[in-house]
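# Descriptive structure summary
What follows is each chain in one-letter form.
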Amino acid sequence: MADSLQKLPEILLSYAQNITKFKFDVSQHVYKVNNSFNLSAIQELKSFKIDTFKKLSQSVLILITSLKNEQVIMKLDNNLELADKKQLKQQQLPFSSSFSVGTAVYKNHLLISLDGKLLILNQELDMIGEVSLEIPKNADNILVYQDKAFLLDNVVEPIFILQADLTQLEQPRILEKIELYGTNIHLKQQWLNPQLNHWYVIKTSATQEASTESILTFSMDKNIKEKSSQLIFHQSFSEESSLAASQDYQIIDITQLPPTWAIIQKEDDKKLYLTKMATKEFVSFNDVYPEGFIDFNETLELSSLFDYCSSEIGELVTYQNQGILKQYENKLFIILVITAVNKNWQITFQESKLLVVDVTDSPHIIINQPIDELKCDISSVSSLALELN
């Protein structure tokens, strides 16, 4: 155990206008703040917020900040000191998200979607390649595997999923795109299983009668083909609804490659679990799920680690669960934020935790500590980002 703890990585956590580095103190068995950076220290960026950040290399960190249609890409060194910044004004697209910027890292280069394009930037923040997405929107979510990028659009029907070839970074190419339709649909997350040639996308949908969450399975090949759709969550606002989900779970966050771990919320008890997901073949489901059925195992309950309960708050509340999950070797790093809001959307309770779970054998928690530095309002909770150094 001691050797395992000595090898724990640094943690980089961003939210609102802050990015904080935590280092593990072996003697006290706790992560402590080592350094921090705040946008408000830069006069011209006081009104900006951090959308996300990416680690390009061991010594280069990239922050993406925004205000309306203006993005600033900032390069920080390993001490969180500002090394460079570049301002980008993007076009006002007919349909574009103001909530997220799609980014990814490939071979120490930054992939970012702006102006209806996929842009490739090097460590000096110079653009070395670009390609049009051929739609009047940006990609909100980018996943890279080998020399291919998987992109999700998330604004206004039809919603698009795309694949891009990164073999030549100076000349990226869009390989394929397909349209998805539905009622108030959004594409929430994505992950891959290369062994099965599966590309999984979580789609949510909402009507006056119900809200749903489904796992769509596509092929990873150039010729994208939807293989199956599995309903995992259904909340009816009508007493006469006949629609039933195969499993009433909502996915909070998920790792992008196998072994696939996820933080899920179970609908019947509203509790959070860490689960290992697997694709199983069931003969009885062949017509509905010809490519296999995603199975959830309630591996480890996480809700019991928190102190919150409605009776302590003393008024009608809604709980908003936010989580980030990252894998590092045989350990999972989890940031969980439980926020209770009243009917006026005022925060009445908030608790944040850092969990480190060893999954070498059966999952067990080796670090469980509050993150007192993480005091967020409702808008900044959604901008949480985590990297391991």
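Structure first, text after, so check above.
Below: a short report on this structure. Being a predicted model, the structure only gives us computed values, none of them experimental. (Residues numbered from 1 in each chain as written. Predicted model: local features only at pLDDT ≥ 70, side-chain atom pairs only at ≥ 80, totals over all residues. Heavy atoms only, no water.)

### Looking at the overall build of the protein chain
Helices and strands together make up the secondary structure of the protein chain, namely 3 helices and 30 strands. Looking at the protein chain alone, contacts between residues at least 24 apart form 47% of all its contacts between residues at least 6 apart. As displayed, the protein chain has an accessible area near 18,000 Å², and 45% of this comes from carbon and sulfur atoms. (Helix = DSSP H or I, 4+ residues; strand = E, 2+ residues; numbered from the N terminus. Contact = heavy atoms within 4.5 Å. Areas by Shrake-Rupley, 256 points an atom, 1.4 Å probe, with all protein chains shown as cover.)

### Considering the environment of serine 236
Within the secondary structure layout, serine 236 lies in strand β19 (residues 226–236). The exposure class of serine 236 is partly exposed, given its relative accessible area of 30%. When the C-alpha positions of serine 236 and glutamine 208 are compared, they lie 9.0 Å apart, and in sequence the two are 28 residues distant. (Buried < 20%, exposed > 50% of the residue type's maximum accessible area, 1.4 Å probe, protein only.)

### Looking at the pairing of strand β9 (residues 109–114)
With 6 of its 6 residues buried, β9 lies for the most part within the structure. Burial of β9 is two-sided: the residues His109, Leu111 and Ser113 facing one way and the residues Leu110, Ile112 and Leu114 facing the other way are all buried. Here 4 bridges tie strand β8 (residues 103–106) to β9, and the two strands are oriented antiparallel to one another. Residue tyrosine 106 lies in a different strand from β9, and its bridge partner there is histidine 109. Linking β8 to β9, which pair antiparallel, is a turn of 2 residues; within it lysine 107 sits at a positive phi near 50 degrees. Of the strand pairs in this sheet, β9 and strand β10 (residues 117–121) are connected by 5 bridges, and their pairing is antiparallel. Looking at β10, one finds that leucine 114 is bridged to lysine 117. Following β9, the chain reverses through 2 residues before pairing antiparallel with β10; aspartate 115 in that reversal takes a positive phi of roughly 55 degrees. (Pairing = 2+ DSSP bridges.)

### Description of the environment of alanine 278
Topologically, alanine 278 is positioned in strand β23 (residues 278–280). As for alanine 278 and asparagine 297, which are separated by 19 residues in sequence, their C-alpha atoms are 8.6 Å apart.

### Observations concerning the packing of aromatic side chains
Taken as a whole, this structure holds 5 aromatic pairs when the rule is applied. Between tyrosine 328 and phenylalanine 333, the ring centres sit 6.4 Å apart and the planes meet at 90 degrees, which makes this aromatic pair edge-to-face. Among the aromatic residues, ring-to-ring pairing joins Phe150, Trp199 and Phe218 into one connected group. Over the ring of phenylalanine 306 we find lysine 353, and its NZ or CZ is 5.9 Å from the ring centre. (Phe/Tyr/Trp six-rings, centres within 6.5 Å; stacked < 30°, edge-to-face > 60°. Lys NZ or Arg CZ within 6 Å of the ring centre and 35° of its normal.)

### Description of the pattern of salt bridges
On inspection of all chains with the given rule, the structure shows 12 salt bridges. Across the salt bridge formed by lysine 21 and glutamate 10, the nearest N and O atoms sit 3.8 Å from each other. Here glutamate 10 lies in the loop between α1 (2–6) and β1 (11–15) and lysine 21 lies in strand β2 (residues 18–25), a separation of 11 residues in the sequence. Judged by relative accessible area, which is 3%, lysine 21 ranks as buried. Judged by its relative accessible area of 15%, glutamate 10 falls in the buried class. (Salt bridge = Lys/Arg side-chain N within 4 Å of Asp/Glu carboxyl O.)

### Here's the deal with the side chain of lysine 75
As for its position among the elements, lysine 75 is in strand β6 (residues 70–76). In this structure lysine 75 is buried but unpaired, with glutamate 124 as the nearest side chain of opposite charge at 4.7 Å. Only 3.0 Å separates the side chain of lysine 75 from the backbone oxygen of glutamine 123, close enough to count as a polar contact. (Lys, Arg positive; Asp, Glu negative; His and termini not counted. Polar contact = N/O pair within 3.5 Å; in protein donor to acceptor, adjacent residues only side chain to side chain.)

### Some points on the sheet that holds strand β16 (residues 186–193)
One open sheet accounts for 4 strands, arranged β16-β17-β18-β19; its pairing is antiparallel. Both edges of this open sheet fall to β16 and β19, since each of them pairs with a single strand only. Direction aside, neighbouring strands of the sheet carry axes that sit 20 degrees apart on average. (Axes fitted to C-alpha atoms, helices over the stretch in contact; angles between N-to-C directions.)

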